[in-house]
Amino acid sequence: MSRRTSVASVLTAAGLMVSGCAAGTSGAATSPAPVTSALAPSSPDLAAARRDAGIEPCPRESLNAAPVSQGLPQVTLPCLGGGRDVTLAALRGTPMLVNMWASWCAPCRQELPLLAQLHRRAGSRLVVLGVDFQDPKPAAALRLAAVTGVTYPLVADTQGQLRVPLHLTGLPTTVFVAADGHVEYTNVGRFTSYSELAKLVRDHLGVSL
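Residues numbered from 1 in each chain as written. Predicted model: local features only at pLDDT ≥ 70, side-chain atom pairs only at ≥ 80, totals over all residues. Heavy atoms only, no water.

## Overview of the overall build of the protein chain
- When helices and strands are counted, the protein chain shows 5 helices and 7 strands.
- Going residue by residue from the N terminus, the α and β elements of the protein chain occur as α-α-β-β-β-α-β-α-β-β-β-α.
- Relative to its full complement of 209 residues, the protein chain shows a buried share of 50%.
- Once local pairs closer than 6 in sequence are excluded, the contacts in the protein chain between residues at least 24 apart make up 77%. (Helix = DSSP H or I, 4+ residues; strand = E, 2+ residues; numbered from the N terminus. Buried < 20%, exposed > 50% of the residue type's maximum accessible area, 1.4 Å probe, protein only. Contact = heavy atoms within 4.5 Å.)

## What to know about the packing of helix α2 (residues 44-53) against helix α4 (residues 138-147)
- Axis separation between α2 and α4 bottoms out at 9 Å; the angle between their running directions is 10 degrees. When the axes of α2 and α4 are compared, the pair comes out roughly parallel. In this structure, α2 uses Leu46, Ala49, Arg50 and Ala53 to contact α4, whose residues at the interface are Pro138, Ala139, Leu142 and Ala146.
- Along the lines of polarity and charge, the residues of the contact of α2 with α4 split into 7 nonpolar, no polar and 1 charged. (Axes fitted to C-alpha atoms, helices over the stretch in contact; angles between N-to-C directions. Parallel < 35°, antiparallel > 145°, perpendicular 65-115°, else oblique. Nonpolar A, V, L, I, M, F, W, Y, C, P; charged D, E, K, R; others polar.)

## Let's talk about the state of the cysteines
- Evaluated as defined, the whole model comprises 2 disulfides.
- Each sulfur in the disulfide pair Cys105 and Cys108 lies 2.4 Å from the other. Looking along the S-S bond of the Cys105-Cys108 disulfide, the torsion reads about 80 degrees, which is the right-handed sense. Judged on exposure class, the residue Cys105 and its partner Cys108 are both buried.
- For the protein chain, the bonded cysteines pair up as 1-2, 3-4 when numbered in the order they occur along the sequence. (Disulfide = S-S within 2.5 Å.)

## Concerning the packing of helix α3 (residues 106-122) against helix α5 (residues 194-205)
- Following both chains from N to C, one finds α3 and α5 inclined at 55 degrees, their axes separated by 10 Å at the closest point. In terms of their interaxial angle, α3 and α5 are classed as oblique. Remark: the crossing between α3 and α5 carries right-handed chirality. Facing α3, whose interface residues are Leu114, Leu115, Gln117, Leu118 and Arg121, α5 presents Tyr194, Leu197 and Val201.
- Residue composition of the contact of α3 with α5, by class: 6 nonpolar, 1 polar and 1 charged. (Left-handed = near helix turned anticlockwise from the far one by under 90°.)

## Structural notes on α3
- A rise of 1.5 Å per residue sets the reference length of α3, with its 17 residues, at 24 Å; its end C-alpha atoms lie 25 Å apart and thus fit the reference within 8%.
- Of all the bends in α3, the greatest, near 30 degrees, is centred on Leu112, and the proline Pro113 appears no more than four residues after it.
- Along α3, the residues that are buried comprise Pro107, Cys108, Glu111, Leu112, Leu114, Leu115, Ala116, Leu118, His119 and Ala122.
- Just downstream of α3, Gly123 is the residue with a positive phi angle, here 60 degrees. (Expected span 1.5 Å × (residues − 1). Bend = angle between axes of the 7 residues up to and from the residue.)

## Considering the environment of Arg120
- Position of Arg120 among the secondary structure elements: in helix α3.
- Expressed as a C-alpha distance, the spacing of Arg120 and Val150, which sit 30 residues apart in the sequence, is 9.4 Å.

## Concerning the packing of aromatic side chains
- Applying the stated rule across the entire model yields 2 aromatic pairs.
- Consider the rings of Phe176 and Tyr185, whose centres lie 5.5 Å apart with planes at 70 degrees: the pair is edge-to-face.
- When its relative accessible area of 0% is taken as the criterion, Phe176 is described as buried.
- Each ring, one from Phe176 and one from Phe191, has its centre 6.5 Å from the other, and the planes form 80 degrees; the classification is edge-to-face. Of this pair, Phe176 sits in strand β6 (residues 173-177) while Phe191 sits in the loop between β7 (183-188) and α5, and the two are 15 residues apart along the sequence. Accessibility classification places Phe176 together with Phe191 in one group, the buried group. (Phe/Tyr/Trp six-rings, centres within 6.5 Å; stacked < 30°, edge-to-face > 60°.)

## Notes on the nonpolar core
- Formed by 58 residues in total, the largest nonpolar core has its most connected members in Leu72, Leu97, Met100, Leu154 and Leu162.
- Top element by residues in this core is α3. It accounts for 7 residues.
- Residues contacting Leu154, with those up to four places away along its chain left out, are Ile55, Cys58, Cys79, Leu80, Trp101, Leu129, Gly130, Leu142 and Ala145. (Core = buried A, V, L, I, M, F, W, Y, C linked by side-chain atoms within 4.5 Å.)

## Some remarks on the side chain of Asp135
- Within the secondary structure, Asp135 sits in the loop between β4 (127-133) and α4.
- Of note is the side chain of Asp135, whose polar atom sits 3.0 Å from the backbone nitrogen of Lys137. (Polar contact = N/O pair within 3.5 Å; in protein donor to acceptor, adjacent residues only side chain to side chain.)

Right, dumping it as structure tokens:
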């Protein structure tokens, strides 16, 4: 694995922490409080919003797939809006992007259309999985997905379980995962263009789009 976060990426993360990732606010980019059971990421209304947005079902795990060294953590997350739970360490077989975002994160709003475009172009060659991270408003997350054209699968990390194992320092953060489950690269900060995103996918996952 080459978990390489460039100096520029670290500076981007620092910029997020200073300028604030919460939409419409300034100051430190602290996450909202963990979601309580009253705001669980699944309900009839959220399920309807997910269907209306055209969000795809969450991916199936590989049978008997054990965690790999320098791979995704053994964390199980619920599908946003309902569906099968997903154990990240058991996703295997296709190169994958795992994007950490939230409805309260302004830079995330700017890059979601680029990820949606990547997903449309990639087809079955690449899995894109969104992680709605410590978001107290799952309905707002689904509305944001709808208006930005996101249809790839979404899971919810309401309690911030990925913060420590993925060394999250700010949102958005995107992890590039090889088909064998190894993390090849971590990008901290938003993608500014489709060409930038496509180049990183080609360089780190060997998929040309």
